[in-house]
Amino acid sequence: MARVRNIEAQEVAEDLRSIYEKYGKEYGPFMNQVHVFAHRPIILKHMMGMMLAMSDESVVQKRHLEVALVTVSKINECRYCVAHHVPRLIENGLSAETVAQILSPDCPGLDEVDRLIRDYAVQVTTESKRVSNSLFSRLRAAFTDSQVVELTFRIALCGFYNRFNEALQIEIEDGVIADLLSKGGEIMDLPVEPETIGLPS
């Protein structure tokens, strides 16, 4: 159980209950996270509601988004997010071996755009003040401004989720680890060594 008690559906205002249920079950198996966010209805309404809307209206391909989220979550060592997003990335075309090595500079199995997103996610997460002009120029050549904004937003927001989950010790839901293992993913139980993280120039 998390460091704060779970807020159950019957405790949530009726006008927010649909967000509570949809985010926790249809958006993904994130109910333990929703139990915690529901302590603050305004966060449930706007944060979870925004994520549901963005899922319906995203301008970034699912594979590209998941490359970014897995990269950030592995850097920040968020077991909750890694367990949830690795299966999604595998479902979107990357092998389990590639996903396991995604922070390696020479990671096999990443295409040119995957690698670009991975490198951008690394820089935004580890040294956002020094995102290189050469990297950003390549990003602008591959994506529209709207896509760059959404991608950057989701990378930065993922860092928030990582810290929130770990600080409040949100537990991984039943079935998530089994799903991860069934797709060939690995349970994250070791810290990331800084020298293994590719930092592009």
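What comes next is a walk through the structure. All values derive from a computational prediction rather than experimental measurement.

### Notes on the environment of L69
With respect to the helices, strands and loops of the structure, L69 is situated in helix 4 (residues 62–75). What makes L69 buried here is its relative accessible area of 3%. Taking the C-alpha atoms as reference points, L69 and K183, 114 residues apart in sequence, are found 18 Å from one another. Aside from chain neighbours lying at most four places away, what touches L69 is H85, R154 and C158.

### Quick word on the nonpolar core
V86, L89, V99, L139, L151 and I155 are the most contacted members of the largest nonpolar core, which has 35 residues in total. Elements with a contribution of two residues or more to this core: helix 4, helix 5 (79–91), helix 7 (112–127), helix 8 (133–142), helix 9 (145–167) and helix 10 (176–182). Considering each element in turn, this core owes the most residues, 7 residues, to helix 4. Beyond its immediate sequence surroundings of up to four residues, I155 is in contact with A68, V72, Y120, A121, V124 and T125. Core analysis: the next-biggest nonpolar cluster, separate from the first, contains 27 residues, I7, V34, M47 and F164 among them.

### Quick look at the packing of helix 5 against helix 9
In contact at an axis separation of 8 Å, helix 5 and helix 9 are set at 120 degrees when each is read in the N-to-C sense. Comparing their axes, helix 9 and helix 5 come out oblique. Of helix 9, the residues touching helix 5 (which contributes R79, Y80 and C81) are Y161, N162, N165 and E166. For the contact of helix 5 with helix 9, the class distribution of residues is 3 nonpolar, 2 polar and 2 charged.

### Let's talk about the packing of helix 7 against helix 9
Between helix 7 and helix 9, the least distance of the axes is 10 Å, while the angle of their chain directions is 55 degrees. The angle between helix 7 and helix 9 falls in the class oblique. At the point where helix 7 passes helix 9, the crossing takes the right-handed sense. For the pair formed by helix 7 and helix 9, the contact residues are I117, Y120, A121, V124 and T125 on the first element and L151, T152 and I155 on the second. Tallied by class, the residues present in the contact of helix 7 with helix 9 amount to 6 nonpolar, 2 polar and no charged.

### Points about empty space enclosed by the protein
Under the counting rule described, the total for this entry stands at 1 cavity of 30 Å³ or more. Taken together, Y23, Y27, F30, Q33, M51, L69, C81, H85, R154, L157, C158 and Y161 make up the full set of residues lining the largest cavity. If you list the elements that add at least two residues to the lining of the largest cavity, you get helix 1 (14–27), helix 5 and helix 9. For the lining of the largest cavity, the leading source of residues is helix 9, giving 4 residues.

### Structural notes on the pattern of salt bridges
Within this structure, the stated rule accounts for 10 salt bridges. Residue E11 is joined to R5 by a salt bridge in which the shortest nitrogen-to-oxygen separation is 2.8 Å. Residue class for R5 comes out partly exposed when judged on its relative accessible area of 45%. Among the ionic pairs, E91 bridges to K183, the shortest N-O distance being 3.4 Å. With a gap of 92 residues between them, E91 in helix 5 and K183 in the segment after helix 10 connect regions that are remote in the sequence. Of the residues examined, K183 reaches a relative accessible area of 25% and is grouped as partly exposed. Connected through salt bridges with shared partners, the residues R63, D111 and D114 form a single ionic network.

What counts and how
- Residues numbered from 1 in each chain as written.
- Predicted model: local features only at pLDDT ≥ 70, side-chain atom pairs only at ≥ 80, totals over all residues.
- Heavy atoms only, no water.
- Helix = DSSP H or I, 4+ residues; strand = E, 2+ residues; numbered from the N terminus.
- Buried < 20%, exposed > 50% of the residue type's maximum accessible area, 1.4 Å probe, protein only.
- Contact = heavy atoms within 4.5 Å.
- Core = buried A, V, L, I, M, F, W, Y, C linked by side-chain atoms within 4.5 Å.
- Axes fitted to C-alpha atoms, helices over the stretch in contact; angles between N-to-C directions.
- Parallel < 35°, antiparallel > 145°, perpendicular 65-115°, else oblique.
- Nonpolar A, V, L, I, M, F, W, Y, C, P; charged D, E, K, R; others polar.
- Left-handed = near helix turned anticlockwise from the far one by under 90°.
- 1 Å grid on protein atoms, 1.4 Å probe; cavity = no way out; pocket = protein on both sides within 12 Å on 5 of 7 lines; lining within 4 Å.
- Points joined across faces, edges and corners; volume = space filled by probe spheres on them.
- Salt bridge = Lys/Arg side-chain N within 4 Å of Asp/Glu carboxyl O.

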